[in-house]
Amino acid sequence: MSARSRSSSPEFDPLAFDQDFTPLPEYKAATDTALDFDGLLPESLKIHQDLRTGCGGQLWPAGMTLAKHMLRYHGDKLQKARILEIGAGGGLVGLAVAKACSYETPMYITDQLEMEELMAHNITLNGLNDKVKSMILNWGEPLPEEIVALKPDTILAADCVYFEPAFPLLLQTLKDLLALEPNATVYFCFKKRRRADMQFLKAARKTFNIIELEDEDRPVFSREGLFLYAFTRK
């Protein structure tokens, strides 16, 4: 997979959007959804959505975009990977990867306590208990012992930029993770909803090397305010 530096074209530059331009989607009732990501999965992934414990229980566009990207460009490259998803919600991205890919070390999908039951439910729903573990990981707090021991080198983060007071906590967790494994890559996708979201990206550029990832769907998802990056340690 190739990557390139941020384009100067306003169409693809999140910093060029200087006003809030899209509202949060309306919440959905609890439901089960089957996804094959435009045929990238031979067998559909089943995701239970439930907003009783927070908006992380719903499918969001950045998760769909990052899952498709990982399946399309990394599906055959993860055998030796040590994979972690942060801010996983119901586990969409990690579970899509687990459904399609062969890897030796069990993956961890993580979020706050409120999401733990939903993550575990979706793991079992897809028969992935041997490949995926769920865990609580609160941004800004010391990393769990299991994650320190794992030293993840493939970190998935979709739609983690949505609440400005959490930006410093998210940055600290990303710093801690990349300190564990200097060669790790964070695959990071978010939807720009308000001007404050860009403050996170500005702060992240001071700490990490950030490149925009090429994707054949980028002309489409960029028009929807979605941006896809790789973060690595400077």
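Residues numbered from 1 in each chain as written. Predicted model: local features only at pLDDT ≥ 70, side-chain atom pairs only at ≥ 80, totals over all residues. Heavy atoms only, no water.

### Description of the overall build of the protein
Stage number 1. Looking only at helices and strands, the protein features seven helices and 10 strands.
Stage number 2. The 234 residues of the protein split such that 51% are buried.
Stage number 3. Considering only contacts in the protein between residues 6 or more positions apart, those separated by 24 or more positions represent 75%.
Stage number 4. On the protein, roughly 10,900 Å² of surface is accessible, and the fraction owed to carbon and sulfur atoms is 49%. (Helix = DSSP H or I, 4+ residues; strand = E, 2+ residues; numbered from the N terminus. Buried < 20%, exposed > 50% of the residue type's maximum accessible area, 1.4 Å probe, protein only. Contact = heavy atoms within 4.5 Å. Areas by Shrake-Rupley, 256 points an atom, 1.4 Å probe, with all protein chains shown as cover.)

### Focus: the layout of surface pockets
Stage number 1. Taken as a whole, the second largest pocket spans an internal volume of roughly 160 Å³.
Stage number 2. The dominant element in the lining of the second largest pocket, judged by the number of residues it contributes, is helix α1 (residues 61-74), at six residues.
Stage number 3. In the lining of the second largest pocket, the residues fall into five nonpolar, two polar and five charged. (1 Å grid on protein atoms, 1.4 Å probe; cavity = no way out; pocket = protein on both sides within 12 Å on 5 of 7 lines; lining within 4 Å. Points joined across faces, edges and corners; volume = space filled by probe spheres on them. Nonpolar A, V, L, I, M, F, W, Y, C, P; charged D, E, K, R; others polar.)

### Here we look at the pairing of strand β8 (residues 185-191)
Stage number 1. A large share of β8 lies buried, amounting to seven of its seven residues.
Stage number 2. Side chains Thr 185, Tyr 187, Cys 189 and Lys 191 project from β8 onto one buried face, and the interleaved Val 186, Phe 188 and Phe 190 project onto a second face that is buried too.
Stage number 3. Two elements, strand β7 (residues 154-158) and β8, share five bridges in a ladder whose sense is parallel. The residue of β8 that forms the bridge with Thr 154 is Thr 185.
Stage number 4. The parallel pair β7 and β8, bridged by helix α5 (residues 167-180), forms a crossover whose chirality is right-handed.
Stage number 5. Here six bridges tie β8 to strand β10 (residues 226-233), and the two strands are oriented antiparallel to one another. When the bridges of β10 are listed, Tyr 187 appears paired with Ala 230. (Pairing = 2+ DSSP bridges. Right-handed = clockwise from strand over helix to strand, strands pointing away.)

### Description of the environment of Pro 106
Stage number 1. With respect to the helices and strands, Pro 106 occurs in the loop between α2 (92-100) and β5 (107-111).
Stage number 2. Given the relative accessible area of 28%, Pro 106 is considered partly exposed.
Stage number 3. Distance in space between the C-alpha atoms of Pro 106 and Lys 133 is 6.9 Å, their sequence separation being 27 residues.
Stage number 4. Leaving out residues up to four positions away in the same chain, Pro 106 has contacts with Asp 130, Lys 131, Lys 133 and Leu 150.

### Regarding the nonpolar core
Stage number 1. Grouped together as the largest cluster of nonpolar side chains are 38 residues, with contacts concentrated most on Phe 37, Leu 66 and Val 132.
Stage number 2. Taken together, the elements giving at least two residues each to this core come down to β3 (45-49), α1, α2, β5, α3 (113-125), β7, β8 and β10.
Stage number 3. Looking at this core element by element, the count peaks at six residues for α2.
Stage number 4. Judged by nonpolar contacts, the second largest core, of 34 residues, contains Ile 86, Cys 160, Ala 166 and Leu 174. (Core = buried A, V, L, I, M, F, W, Y, C linked by side-chain atoms within 4.5 Å.)

### Remarks on the confidence of the model for the protein
Stage number 1. On average, residues of the protein carry a pLDDT of 87, and 84% of them reach 70 or more.
Stage number 2. A low-confidence stretch, residues 1-25 stays under pLDDT 50, and its non-local contacts, those more than four residues away or across chains, total 65 contacts. (pLDDT = per-residue confidence, 0-100.)

### Notes on the packing of aromatic side chains
Stage number 1. Under the definition given, this model contains seven aromatic pairs.
Stage number 2. Taken together, a centroid distance of 5.7 Å and an interplanar angle of 65° make the contact between Phe 167 and Phe 200 edge-to-face. Here Phe 167 is found in helix α5, whereas its partner Phe 200 is found in helix α6 (residues 197-207), with 33 residues between them in sequence.
Stage number 3. By relative accessible area, which is 6% here, Phe 167 ends up buried.
Stage number 4. Ring centres of Phe 188 and Phe 231 lie 4.7 Å apart, and the angle between their planes is 15°; on these two criteria the pair is classed as stacked. One end of the pair, Phe 188, is in strand β8; the other, Phe 231, is in strand β10, and 43 residues separate them in sequence. As far as burial versus exposure is concerned, Phe 188 and Phe 231 are alike and both buried. (Phe/Tyr/Trp six-rings, centres within 6.5 Å; stacked < 30°, edge-to-face > 60°.)

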